[in-house]
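Descriptive analysis of the structure
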Amino acid sequence: MSADKSAIHSKESAPWQGQVRRYDIVKEGVIALLIVSLLTLTLSIFMGSPDEPSLTFKGWAASNSDNFYTTAVQELAGTSESAGYGAPYNDAGVGLNLGPLWLQKWAGIHHPINSANDFVITPLGEQQQPAEVAAALSTWRSAAVVDKQRWAVDYDAALSAVEGKVSAVKSGDYGPVPTLAKGLTAMATSGALDGLLLSQGGFFQTDHTKQILFFGDGAYLDDAGTAANLQGGTWGMMNETGRYPGQAWLWLYSLWYQIPPFNNEESHPIGANADAYILALMGFMTLGLVMIPFIPGVRSLPIRIPLHRAIWRQYYQTEGIGKRKKK
Amino acid sequence: MVAPFLYIEASFKATSLNLVKSESALLIRGAKVTGFFSEFMNLNAVYLKANSWLSISVSNLVVIISMLVIFFIAISIPFPKDHHESSKNGRGQK
Amino acid sequence: MMSNKIETQKPDMWTARLRQSWQKNLPIEKLLPDTQPAYVASWIYVFGVLTLSALAVIIASGVVLAFEGPSWYHISDAGRFVNSLHFWSVQLFFFFMVVHLWGKFWMAAWRGKRQATWITGSIAFVVSIATAFTGYLTQTNFDSQWIAFEAKDGFNSVGIGAWFTVTNLGQMLLMHVAFLPLVLGLITVIHVLQVRRKGVVPPIDAFDQTLKGVNK
């Protein structure tokens, strides 16, 4: 049997000696290109393409100024997502792990971000501010770390207690924090913050890491993602804005985020480190796809399940090659 | 006679993205959407949901079902026979 | 005369060796064939060339977009139209490529020392996904903001994010228009040359004598 197999194998790899048919490869290519061009043209003419305008800090502050304000306070208090993120932005968190592999942490800090300074203090300092904001800024800058921490954390807690409703917050000793948050909200509302964060002190700027992180700390981007059905937990990875098809080829990657234990942040170790485990799993499965010709069982599926009888039926008929017997 | 393609004013859905109208007006800055049906294509997508976790947009479903249908059509419908009968082992490459 | 013979028998020049190996493995008759084995008679065979055609349209529309920069299509009708061409050719590209992949799987097309063809093809699929992904990040619109925000956690979680920064538009744009297309183009060329060199895989059981003459 194995002699037969190796004879078949060597015939399969040898140049074909049997019947041939005419085949105009150049003509085929030209026709295919024409068809695909026409299809693309038709789809574009009729459907257009998606382009939801990008969100801005101005839009955030204008539509939900309390949320912007609260987020600014969280940046100062160090309680925002970015402030506690860990690598590659800062050392405030340990990051995710794959069992004993702390790859996120080991990769180190490559894009240093200090949420309080980068998102609040520096932008405020780069613009002419009203007297009270300027005074608050200088109080903050000259204050001891413990004081800064106490003011901001207390104020953040007070805001949380009233669910972020700025006007309802209890009075207390919050130092310059309310004034700073108010100043930044005013800057954002005027649109000045968009420009400042973009330039980040330089003329040319091609890296938007800081803006994206600041955005992500608040509810504005998240709400927009939910409204557009783009949340990862609801297959958003595959979706597109509007009614356009999305990255449907990410279906498998997206699938894992929908099922346990990956979809439960509370479950350890996998759910709590879902991003890392899913990426590793997909890497492994991708390797599997590439290596199909060498994986016993998988590589014989197409031989066992005879779709090939349909594909080559003309040939099987002419040559009188019968079906395999079921084992 | 219709134009080769229509220009439809962007129908950006400010409400769905929780944006203020002024921002969308500011950001679009005169940008227009091309395509006869682009107004329809930019409406909120329709999602099909089965049980608690399965959810797919109609567009993605159409794409995936079309792929399956096209695949089965491709392996089932007859391919035109070669009318220029060729001889056994008449390897035209030579 | 003498030296000629020696050189063709035992080439010690790299150039001569390359030429000889090329002529042996991939003569022009294989590269541009005018016949194919009789079993190459199914519509499933057109999906490879359809995928290549879609790639050509992607590259052509992408080059036009690249000329004007990533924000052009927000403010120009012509730009928006070229963007649509780019968007739909990508959708068609993946559509055809997946059907092609299914076809090749069900043909067990890696048989007869054709594993390299399968491997380069599936790597091309993976690189295409990466290229498309960087494209989504360079749309400079809400979608890119969202994808950058979401995807950063995945890459950061395994340390890749330290170097492959999805929130860095400049890096993603260059990846999308320079590095990744170059890699994809190269793998595609190797893949196609493998197909031409090894020929289209014969039908399963074509050489199984025990099934010959067995009625249906």
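These figures come from a predicted structure and were not determined experimentally. (Residues numbered from 1 in each chain as written. Chains lettered and ligands numbered in written order. Predicted model: local features only at pLDDT ≥ 70, side-chain atom pairs only at ≥ 80, totals over all residues. Heavy atoms only, no water.)

1. A few points about the overall build of chain A
Here is the rule: Only runs of H or I of at least four residues qualify as helices and only runs of E of at least two qualify as strands under DSSP, and these elements are numbered from the N terminus. Classification of residues uses two cut-offs on accessible area relative to the type maximum, computed with a 1.4 Å probe and protein chains only: under 20% is buried, over 50% is exposed, and between them is partly exposed. Contacts between residues were defined by any pair of non-hydrogen atoms, one from each residue, lying within 4.5 Å.
Broken down by element type, chain A carries 17 helices and one strand. A total of 327 residues make up chain A; the buried ones form 46% of that total. Restricting to contacts in chain A with at least 6 residues of sequence separation, those with at least 24 account for 55%.

2. Some remarks on the overall build of chain B
For clarity, the threshold we go by: Using a 1.4 Å probe, accessible areas were evaluated by the Shrake-Rupley method; residue-level cover was limited to the displayed protein chains.
Within chain B, the secondary structure is distributed over three helices and four strands. Along the chain direction, N to C, the helices and strands of chain B fall in the order β-α-β-α-β-β-α. The buried share of chain B, reckoned over its 94 residues, is 34%. The contacts in chain B between residues at least 6 apart in sequence include a share of 50% that link residues at least 24 apart. Carbon and sulfur atoms make up 67% of the accessible area of chain B, which totals about 5,900 Å².

3. A few points about the pattern of salt bridges
What counts here: Just to be clear on terms, a salt bridge is a Lys or Arg side-chain nitrogen sitting within 4 Å of an Asp or Glu carboxyl oxygen.
For the structure shown, the criterion picks out seven salt bridges over all chains. Among the salt bridges present, the one from A:Glu132 reaches A:Lys182, with a minimum N-O distance of 3.2 Å. Of the two residues, A:Glu132 is situated in helix α7 (residues 131-142) and A:Lys182 in helix α9 (residues 177-190); the sequence distance between them amounts to 50 residues. With a relative accessible area of 45%, A:Glu132 lands in the partly exposed category. A salt bridge links C:Asp153 to C:Lys152, with the shortest nitrogen-to-oxygen separation between them at 3.0 Å. Overall, the relative accessible area of 2% leaves C:Lys152 in the buried class. Via salt bridges that share partners, A:Asp147, A:Arg150 and A:Asp173 belong to a single interconnected network.

4. A short note on the interface of chain A and chain C
Rules: Each of two parts loses accessible area, computed with a 1.4 Å probe, when they are put together; buried area is these two losses added. Pairs of N or O atoms are called polar contacts if they sit within 3.5 Å, as long as, within protein, a hydrogen donor faces a hydrogen acceptor (for residues adjacent in sequence, only side-chain-to-side-chain pairs). Residues are grouped as follows: nonpolar covers Ala, Val, Leu, Ile, Met, Phe, Trp, Tyr, Cys and Pro; charged covers Asp, Glu, Lys and Arg; every other residue, Gly included, is treated as polar.
On the chain C side, the residues contacting the 99 residues of chain A number 99 residues. Overall, the association of chain A and chain C removes approximately 8,900 Å² of surface from exposure, summing both partners, and the carbon and sulfur fraction of that is 68%. Interface area lost by chain A to chain C is led by A:Glu12, A:Trp249 and A:Trp312, which between them contribute 9%. There are two salt bridges connecting chain A and chain C. In this structure, the salt-bridge partner of A:Arg324 is C:Asp205, at a minimum N-O distance of 2.7 Å. Put simply, chain A and chain C have 35 residue pairs in polar contact (both at pLDDT 80 or more) between them. In terms of residue count, helix α2 (residues 25-47) of chain A provides more of the side of chain A that touches chain C than any other element does, 15 residues in total. Taken together, the residues of the side of chain A that touches chain C break down into 54 nonpolar, 29 polar and 16 charged.

5. With respect to the packing of aromatic side chains
Residues and elements named next belong to chain C. For clarity, the cut-off: For Phe, Tyr and Trp, rings pair up if their centres lie within 6.5 Å, where Trp contributes its six-membered ring, and each pair is then called stacked (planes under 30 degrees apart), edge-to-face (over 60) or tilted (otherwise).
For the structure shown, the criterion picks out 40 aromatic pairs over all chains. For the pair Phe 105 and Trp 106, a centre-to-centre distance of 5.0 Å together with 85° between the ring planes defines the contact as edge-to-face. With a relative accessible area of 18%, Trp 106 lands in the buried category. Ring centres 6.3 Å apart and planes at 55° place the aromatic pair Trp 146 and Phe 149 in the tilted group. Of this pair, Trp 146 and Phe 149 both sit in helix α8 (residues 142-157), three residues apart, which is roughly one turn of the helix. Residue Trp 146 is classed as buried on the basis of its relative accessible area, which comes to 3%.

6. Focus: the environment of A:Val169
Residues and elements named next belong to chain A. You can see Val 169 is positioned in the loop between α8 (145-161) and α9. For the pair Val 169 and Ala 158, spaced eleven residues apart in the sequence, the C-alpha separation amounts to 6.1 Å. Residue contacts for Val 169: discarding those within four places in its chain leaves Tyr 155, Ala 158, Leu 159 and Val 162.

7. Details of the nonpolar core
Where we set the bar: Grouping buried Ala, Val, Leu, Ile, Met, Phe, Trp, Tyr and Cys residues that are joined through side-chain atoms within 4.5 Å yields what is termed a nonpolar core.
Core analysis: the biggest nonpolar cluster contains 127 residues, and A:Trp312 and C:Ile44 have the highest contact counts within it. Here this core takes 14 residues from helix α6 (residues 77-106) of chain C, the largest share from any one element. Excluding residues that lie within four positions of it along the chain, A:Trp312 makes contacts with C:Tyr39, C:Tyr45, C:Met107, C:Arg111, C:Val201, C:Pro202, C:Pro203 and C:Ile204. Within the second largest apolar cluster, twelve residues are counted, among which are A:Leu98, A:Trp256, A:Ala274 and A:Ala276.

8. Looking at the confidence of the model for chain B
Parts of the prediction with low pLDDT should not have their coordinates interpreted in detail. Residue and element names in this part refer to chain B. Inclusion rule: The predictor's confidence in any single residue is recorded as pLDDT, a number from 0 to 100.
In this model, chain B carries an average pLDDT of 66, and 51% of its residues clear a pLDDT of 70 or more. Taken element by element, the predicted model of chain B shows its lowest mean pLDDT in strand β1 (residues 7-9) (32) and its highest in helix α3 (residues 58-76) (96). Low pLDDT, under 50, characterises residues 1-31; the stretch is placed with 69 contacts to residues that sit more than four places away or in other chains. With pLDDT under 50 throughout, residues 87-94 is counted as low confidence; its partners more than four residues away or in other chains account for 15 contacts.

9. Things to note about α2(A)
Cut-off, in case you're wondering: What a helix is expected to span follows from its residue count: subtract one and scale by 1.5 Å.
The end-to-end C-alpha distance of α2(A) is 32 Å, a good match for the 33 Å that 23 residues give at a rise of 1.5 Å each. Considered for burial, the residues of α2(A) that qualify are A:Ile25, A:Ala32, A:Val36, A:Thr40, A:Ser44 and A:Ile45. Buried residues along α2(A) sit in contact with α3 (28-31), α4 (46-68), α6 and α9 (169-198) of chain C. One or two residues past the end of α2(A) sits A:Gly48, with phi positive at roughly 65°.

10. A few points about the confidence of the model for chain A
Scored by pLDDT, chain A has a mean of 93; 98% of the residues are at 70 or more. Mean pLDDT across the secondary structure elements of chain A bottoms out at helix α1 (residues 2-13) of chain A, with 82, and peaks at helix α4 (residues 65-77) of chain A, with 97.

11. Observations regarding helix α7 (residues 115-137) of chain C
The end-to-end C-alpha distance of α7(C) is 33 Å, a good match for the 33 Å that 23 residues give at a rise of 1.5 Å each. Across the 23 residues that make up α7(C), a large majority, 18, are buried.

12. Quick look at unusual backbone geometry
In this structure, the amide linkage connecting A:Pro260 to the following residue, A:Pro261, adopts the cis form with an omega of 0°. Turning to its location among the elements, A:Pro261 is positioned in the loop between α13 (251-256) and α14 (274-290). The step from A:His268 to A:Pro269 runs through a cis peptide bond, and the omega angle for that step is 0°. Structurally, A:Pro269 is set in the loop between α13 and α14. Backbone geometry at A:Trp235 places phi at a positive 65°, although glycine is not the residue there. Within the secondary structure, A:Trp235 sits in the loop between α12 (220-227) and α13. For C:Asp205, which is not glycine, the phi torsion reads 75° and is therefore positive. In this structure, C:Asp205 sits in the segment after α9. Using a relative accessible area of 7% as the deciding quantity, one classes C:Asp205 as buried.

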